[in-house]
Amino acid sequence: MFSEKTVLRIPGPTPVPPEVTRAMTHTMIGHRSADFSNLLSSVENKLRPLFGTRGSVAVIAGTGTGGLEAAIANLVHPGDGVLSVTTGNFGDRFADIAKRAGAELHTLAYEWGTAAQPQDIDQFLTAHPHVKVILVTHCETSTGVLNDVEAIAKVVRQHDAYLVVDAVSSLVGAKLLMDEWNVDLVVTGSQKALALPPGLALVGIGDRALARIKERPARTLYFDLVRYDKDLNDRTTPWTPPVSLVYGLEQSLAMIEAEGLENVQARHLLLRDMTRAAMRALGLPLLVVDDKYASPTVTTVSTPDFDADAFRKILKNDLHVSVAGGQKKLSGKIFRVGHMGYVDAADMLQCIAAIEIALYKMGRPVTLGAGIKAAEEVLVRA
Ligand SMILES: Cc1ncc(COP(=O)(O)O)c(C=O)c1O
């Protein structure tokens with residue numbers, strides 16, 4: 001009966017709204033047609049405000065990692081000094097991409113669960129003035145930390161360097177104003193807060209970054225952002241786009257526009273606060289202790305005296321609720337609850353109730369209803 005039932009509370013892929021699923025069943029059209037040009041223009045007009053940019057947003061067939069690879073392949077040439085600010089697994093991956101591109105790589109690594117500090121970046125750039133590209137993960141999905149991109153961008157600009165932000169699991173869910181904050185390239189993916197299936201990478205291209213890339217053409221053809229930018233002005237894409245996903249994207253963007261971006265972001269913050277209050281009431285330690293750095297899209301919960309993966313199995317098998325496990329050194333030690341995209345307060349109450357029951361079934365000393373009560377109190381006060 002329930003073989004396909006999954007309540008997907010992982011930090012991506014996230015549930016896809018039925019409106020988006022329907023939009024993706026649109027009859028196939030030629031990608032060099034007026035219909036596709038109109039679709040792309042509509043998407044582009046809606047994407048720019050989400051990125052907070054007047055520049056182009058490249059719509060690329062690929063996943064988030066492809067978008068990160070695109071950003072680096074365009075901005076970084078072999079031998080360039082690059083600083084990777086890493087606060088977890090995805091920061092490490094970002095660094096790996098830069099290293100493979102031949103960068104002279106420097107890393108500023110933080111303990112997992114803590115956030116990057118702008119003054120450290122300032123100090124580093126003062127000591128290494130030749131380093132001109134800085135890589136930062138906005139929401140570090142492996143730890144649930146939301147880094148302060150606005151403050152980091154301020155420092156990076158003071159050193160006349162370029163800032164590339166991995167916003168794969170933050171964009172739409174968390175505030176990010178590319179132009180106003182002086183962020184040069186921003187990357188996101190479709191399967192997170194945009195509530196689409198995986199398969200699209202979106203790269204916001206700031207004016208300064210574009211000028212720099214034009215000065216030093218990229219050696220990649222598929223990911224050539226100058227080409228994407230030029231073709232967008234002609235209302236087309238360089239290569240065959242994933243047409244069905246672009247139809248889905250248009251629908252998802254229309255839904256975000258109808259709700260209003262500020263309301264969408266307030267909803268994400270509410271879901272975060274409900275989840276954090278519930279976990280505290282259940283006596284479960286939060287990995288991100290400081291609320292200031294807690295991501296609005298994913299909450300990470302430590303399980304110091306029980307196996308997080310055994311708990312997740314009960315949650316999935318008995319209650320059909322799927323949460324994610326820890327990555328790398330946090331494997332078995334935490335679970336991660338995704339609350340981004342097509343998710344509302346009632347969804348979180350269901351998830352929290354299921355978490356309480358799974359804990360009870362494991363023999364944990366929980367007071368049934370304590371998490372729900374705390375979450376409801378946050379909700380009714382909002
Ligand atoms: C912060 C962050 N960066 C990059 C990625 C990689 O994206 P993808 O798996 O779509 O390549 C993810 C995916 O979870 C992510 O959360």
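Thresholds, definitions, all that
- Residues numbered from 1 in each chain as written.
- Predicted model: local features only at pLDDT ≥ 70, side-chain atom pairs only at ≥ 80, totals over all residues.
- Heavy atoms only, no water.
- Phe/Tyr/Trp six-rings, centres within 6.5 Å; stacked < 30°, edge-to-face > 60°.
- Helix = DSSP H or I, 4+ residues; strand = E, 2+ residues; numbered from the N terminus.
- Buried < 20%, exposed > 50% of the residue type's maximum accessible area, 1.4 Å probe, protein only.
- Lys NZ or Arg CZ within 6 Å of the ring centre and 35° of its normal.
- Pairing = 2+ DSSP bridges.
- Axes fitted to C-alpha atoms, helices over the stretch in contact; angles between N-to-C directions.
- Contact = heavy atoms within 4.5 Å.

Before going further, it helps to examine the packing of aromatic side chains. For the coordinates displayed, the defined rule picks out 4 aromatic pairs. A ring pair is formed by Y222 and W239, whose centres lie 6.4 Å apart and whose planes are at 15 degrees; its orientation type is stacked. Separated by 17 residues along the polypeptide, Y222 in the loop between α8 (207-215) and α9 (225-233) and W239 in the loop between α9 and α10 (243-259) bring together distant segments of the chain. The exposure class of Y222 is partly exposed, given its relative accessible area of 35%. Aromatic side chains F306 and F311 sit 6.1 Å apart centroid to centroid with 75 degrees between the ring planes, which places their arrangement in the edge-to-face category. On the basis of relative accessibility, which here comes to 10%, the residue F306 falls in the buried class. Here a set of aromatic residues connected by ring pairs shows up, and it is made of Y222, F223 and W239. Its guanidinium or amino end placed over the ring of Y162, R208 lies 4.3 Å from that ring's centre, counting from NZ or CZ.

Our focus in this paragraph is the sheet that holds strand β4 (residues 104-109). As summarised here, the arrangement of the 7 strands in space is β2-β10-β9-β8-β5-β3-β4, forming an open sheet in which the pairing is mixed. Two strands close off the open sheet at either side, each with one partner strand: β2 (57-61) and β4. Each neighbouring strand pair of the sheet contributes to a mean axis angle of 20 degrees, computed without reference to strand direction. Here strand β8 (residues 162-166) runs beside strand β9 (residues 185-189); their pairing, made up of 3 bridges, is parallel. The partner of V165 across the bridge, within β9, is V186. Packed onto the sheet, helix α2 (residues 34-51) meets β2, β9 and β10 (200-205) and runs at close to 115 degrees relative to β2. Here helix α4 (residues 89-100) sits on the sheet in contact with β3 (81-86), β4, β5 (131-137) and β8, set at roughly 145 degrees to β5.

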